Amino acid sequence: MQITGVIPARYSSTRFPGKPLADLMGKPMIQHVYEQATKAQVLSEVLVATDDERIFAAVEEFGGRAVMTSAEHQTGTDRLAEVAANLSSQLIVNIQGDEPLLSPDSINQAVQPLMDDSSIAMGTLKYRIEDPEEIADPNVVKVVTDTQGLALYFSRAPIPYPRDGSEGLYFKHIGLYVYRREFLLNFARLASTPLERLEKLEQLRALENGYKITVVETQHPAIGVDTPADLEKVRRMLAKV
């Protein structure tokens, strides 16, 4: 089965302009993500999708593969769909470009259900939250699933709510997505939905249109870099390795 990992990367960012090219232990951050992704056994190939020539050149310089996409895309999914339209791969994996500590095993775990079951159109990951501060943090997206491992809802709010005051079990949504190619192309054509706009979470568009999302629990945390301060934290973590 042909499976392509795509890392959408844009230069513009409100909180951290030029983030993909930020220096991290002598390499641009996008290179760390790319190298981690290539270690995933399930991926046939990995490429970076960007609308910026600086990112394109940086990827080519370290020996990676990059493709230029339209600068008009509003979301990473739109950029991913443009790339997928020119691929023959059965599965497309959307890999976040701001997670330099990405575990290759996480990619393998997310992809496996779609390899095993052709009826699954979309998959993602969750990780059990241990830090109480993350439960109330709106930047940490929470997910609740049913007994079959299908997503019921994603929210920036602390869900589920323990009405009787007991200790709840919370899961952080890790934004790594696996799509069947045809589903991805159709998904990108759908209009945005009310809950998606309210929570600013694209995956809710799938749920609001009646599609199912398989969610796999992983033991590998995802550490995203949203600000220069986050980058410093990752630097310190890598320095200890």
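Criteria and cut-off values
- Residues numbered from 1 in each chain as written.
- Predicted model: local features only at pLDDT ≥ 70, side-chain atom pairs only at ≥ 80, totals over all residues.
- Heavy atoms only, no water.
- Helix = DSSP H or I, 4+ residues; strand = E, 2+ residues; numbered from the N terminus.
- Expected span 1.5 Å × (residues − 1).
- Buried < 20%, exposed > 50% of the residue type's maximum accessible area, 1.4 Å probe, protein only.
- Arc of directions from axis to C-beta.
- Pairing = 2+ DSSP bridges.
- Polar contact = N/O pair within 3.5 Å; in protein donor to acceptor, adjacent residues only side chain to side chain.
- Contact = heavy atoms within 4.5 Å.
- Core = buried A, V, L, I, M, F, W, Y, C linked by side-chain atoms within 4.5 Å.
- Axes fitted to C-alpha atoms, helices over the stretch in contact; angles between N-to-C directions.
- Parallel < 35°, antiparallel > 145°, perpendicular 65-115°, else oblique.
- Left-handed = near helix turned anticlockwise from the far one by under 90°.
- Nonpolar A, V, L, I, M, F, W, Y, C, P; charged D, E, K, R; others polar.

(A) Region of interest: helix α9 (residues 228–240). The terminal C-alpha atoms of α9 lie 19 Å apart, and with 13 residues this matches the ideal 18 Å at 1.5 Å per residue to within 8%. Looking at α9, one finds that the buried residues are D230, L231, V234 and L238. In a view along the axis of α9, the buried residues occupy a sector of 100 degrees, so they form one face of it. Opposite the buried face of α9, by more than 90 degrees, sit the exposed residues A239 and K240.

(B) How the structure looks around the pairing of strand β7 (residues 122–128). Of all seven residues in β7, five are buried, a share of seventy percent or more. Here β7 runs beside strand β10 (residues 171–180); their pairing, made up of six bridges, is antiparallel. Within β10, the position partnered with Y127 by the bridge is K172. Summarising the sheet, β7 and strand β11 (residues 214–217) pair through four bridges and their orientation is parallel. Counted as the bridge partner of K126 is E217 from β11.

(C) The arrangement of the side chain of E196 in detail. Mapped onto the elements of the fold, E196 is located in helix α7 (residues 194–199). A distance of 2.8 Å separates a polar atom in the side chain of E196 from a polar atom in the side chain of R205. The contact partners of E196, leaving out residues within four places of it in the chain, are L201, E202, L204, R205 and E208.

(D) Structural context of the nonpolar core. Counting 30 residues, the largest nonpolar core has L43, V48, V93, I95 and I107 as its most contacted members. For this core, the elements supplying multiple residues, two or more each, are β1 (3–9), α1 (29–37), β4 (45–50), α2 (53–61), β6 (91–94), α4 (104–116) and β10. Aside from chain neighbours lying at most four places away, what touches L43 is I3, T4, G5, A37, V93, I95 and I107. V143, F154, A206 and L207 belong to the second-largest nonpolar core, a separate cluster that totals 28 residues.

(E) Main features of unusual backbone geometry. Omega for the peptide link from I159 to P160 comes to 0 degrees, which places this bond in the cis form. Topologically, P160 is positioned in the loop between β9 (151–155) and β10. Positive phi values are uncommon outside glycine, yet M25 reaches one of about 55 degrees. As for its placement among the helices and strands, M25 is situated in the loop between β2 (23–24) and β3 (27–28). The phi dihedral of K200 falls on the positive side, at around 60 degrees, and the residue is not glycine.

(F) Representation of the packing of helix α3 (residues 76–84) against helix α6 (residues 181–189). In contact at an axis separation of 9 Å, α3 and α6 are set at 130 degrees when each is read in the N-to-C sense. Between α3 and α6, the angle is such that the two are oblique. By crossing handedness, the relation of α3 to α6 is classed as left-handed. Across from T77, D78, L80, A81 and A84 in α3, the residues of α6 making contact are R181, L184, L185, F187 and A188. Here the contact of α3 with α6 is composed, by residue class, of seven nonpolar, one polar and two charged.

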